[in-house]
Structure formats: structure tokens, C-alpha cells
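Fold and contact review
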Amino acid sequence: MHSNFETLIENFATNQIGICDHFLSEELAAKLKIDLISLFQDDQFNSAGTGNHETLQTNQLIRKDKIYWLDRNHNNPFQNSFFDLLDDFIVYLNSTCFTGITGYEFHYTYYEKDSFYKKHIDQFKNNNDRAFSMIIYLNENWKKEDGGELNIFQCNSSQLISPLSGKCVFFKSSELAHEVLVTQLPRLSITGWLKTN
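Our subject in this report is the structure included herewith.

Analysis parameters
Residues numbered from 1 in each chain as written. Predicted model: local features only at pLDDT ≥ 70, side-chain atom pairs only at ≥ 80, totals over all residues. Heavy atoms only, no water. Helix = DSSP H or I, 4+ residues; strand = E, 2+ residues; numbered from the N terminus. Buried < 20%, exposed > 50% of the residue type's maximum accessible area, 1.4 Å probe, protein only. Polar contact = N/O pair within 3.5 Å; in protein donor to acceptor, adjacent residues only side chain to side chain. Contact = heavy atoms within 4.5 Å. Core = buried A, V, L, I, M, F, W, Y, C linked by side-chain atoms within 4.5 Å. Pairing = 2+ DSSP bridges. Axes fitted to C-alpha atoms, helices over the stretch in contact; angles between N-to-C directions.

**Here we look at the side chain of His 178**
Examined against the element boundaries, His 178 turns out to sit in strand E10 (residues 178-180). In this structure His 178 comes out as buried when scored by relative accessible area, which is 3%. Here Asp 122 takes part through its side chain, which lies 3.2 Å from a polar atom of the side chain of His 178. Beyond its immediate stretch of four places on either side in the chain, His 178 contacts Lys 118, Lys 119, His 120, Asp 122, Leu 150, Asn 151, Ile 152, Phe 153 and Phe 171.

Shown next as C-alpha cells:
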């Protein structure tokens, strides 16, 4: 397990973007995918917005994904297994990199066909609690023609990352602008932020 954590951290230290292809086990990824789809079919998702509190707005010209917030209080065994993994990662991250992470927030994300999220930064203008962004994918057998890549911008270049099941992407929330390209198939993930306050 710690080898996956180390892979994520080493890639981040080298390139500002941490990537680990097997952050989730195949078994856990499959269970989370089933849970996500079940919740979506039960109409538990809401259209995602931009901003927070009084600045929150929904604009489908900017983003078209739908989300469902995860919480241990749901007493869902699959979500709690994910939180257990996340807790272990934060302990490892804090002890090896002295990041001072004290909390987190995560949601399921569902992009229907033809959905996208335009270029943006993950930190609010009125709140800088988000230290790191993490995206974990739940899409099996994803192909290039399916679209939906995460495009992360760095200086004069960008990096396209395919949303393959089990893969985790990790970067500083305040530093790297990114976008989700138009997807040709339903695109599933867990998206969230590690926080310092």
C-alpha cells in the first residue's frame, strides 16, 4: 500500500502532478463504481456548480457534471473503505512531507455523454483551505476515442491524463489549472480535496 502512496508523492515531487495507476484495488474500484451507478440511478446526484456559499452558481456552459457528496455518516461500507484508504494516505503524506492536512471533502462525479468542465483552478477566491486536489477514476477499459481526458496546464504545455479505473491524480489545488474534455461515454470518478484548516 505504501508503495502506491510513494509513487503518487514521488511523481508529484518530480512533475507537480502525482499519478498512481493502481491507487485503488480492482475490487474496491468495482464496488465504488457499483455504488456510484446505483446512487445515480436513484436520482441522488445534483448538478455541480462553481463558487461556494453565496457565490455558488450552476452554469452548464462551464461544467455539466453531476455530483454526490460522500460522508462516513452514510454508513456505506464501500465509501468507508475508500475513506480508510484516504486516512492512511494522509497519515503517510503528513509524516513524510509535513503537509499539515487536517481534513478532506470528496464526492462522486458523473459526466454523462457530451459533458465537460472548462479550464479552472480548484481553490475558491474567498477560501484557501483546499491544499491538494485528488481525482480517482472508476472507468474500466477506457479508450482514447472515448474522450473525457483530464487536461492539466503547466507553463507553456499541458498533460492529458486518461480516466482509467483505479488511477489517482494528485496536485496542488491553488497552482494548476485544468479541464475535463468532452466525454463520449459516461465518465465516473471520485473527486476531492485535502484541506489544511
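Still to come is the rest of the account.
**Details of the nonpolar core**
Generally speaking, soluble globular proteins have nonpolar side chains that are buried together. Ranked by internal contacts, the top residues of the largest apolar core, which has 38 residues, are Phe 23, Leu 24, Phe 82, Phe 89, Met 134 and Leu 194. Of all the secondary structure elements, the ones that give two or more residues to this core are helix H1 (2-15), helix H2 (26-41), helix H3 (77-97), strand E4 (103-111), strand E6 (130-137), strand E9 (168-172) and strand E11 (187-195). Element by element, the count of residues in this core is highest for H3, at 8 residues. With residues near it in sequence (within four places) discarded, Phe 89 still touches Phe 5, Leu 8, Ile 9, Phe 23, Met 134, Phe 170 and Leu 194. Counting residues in hydrophobic clusters, the runner-up holds 13 residues, among them Ile 17, Ile 135, Phe 171 and Val 180.

**Looking at the sheet that holds strand E7 (residues 150-154)**
Ordered by their spatial adjacency, 4 strands build an open sheet running E5-E10-E7-E8, and the pairing between neighbours is antiparallel. With one partner strand each, in any of the chains shown, strand E5 (117-120) and strand E8 (157-161) form the two edges of the open sheet. Direction aside, the axes of adjacent strands within the sheet are offset by 15° on average. Here E5 pairs with E10 via 2 bridges, running antiparallel. Residue pairing across strands places His 120 opposite His 178, the latter belonging to E10.

As far as function goes, none of this settles anything; it's purely spatial.
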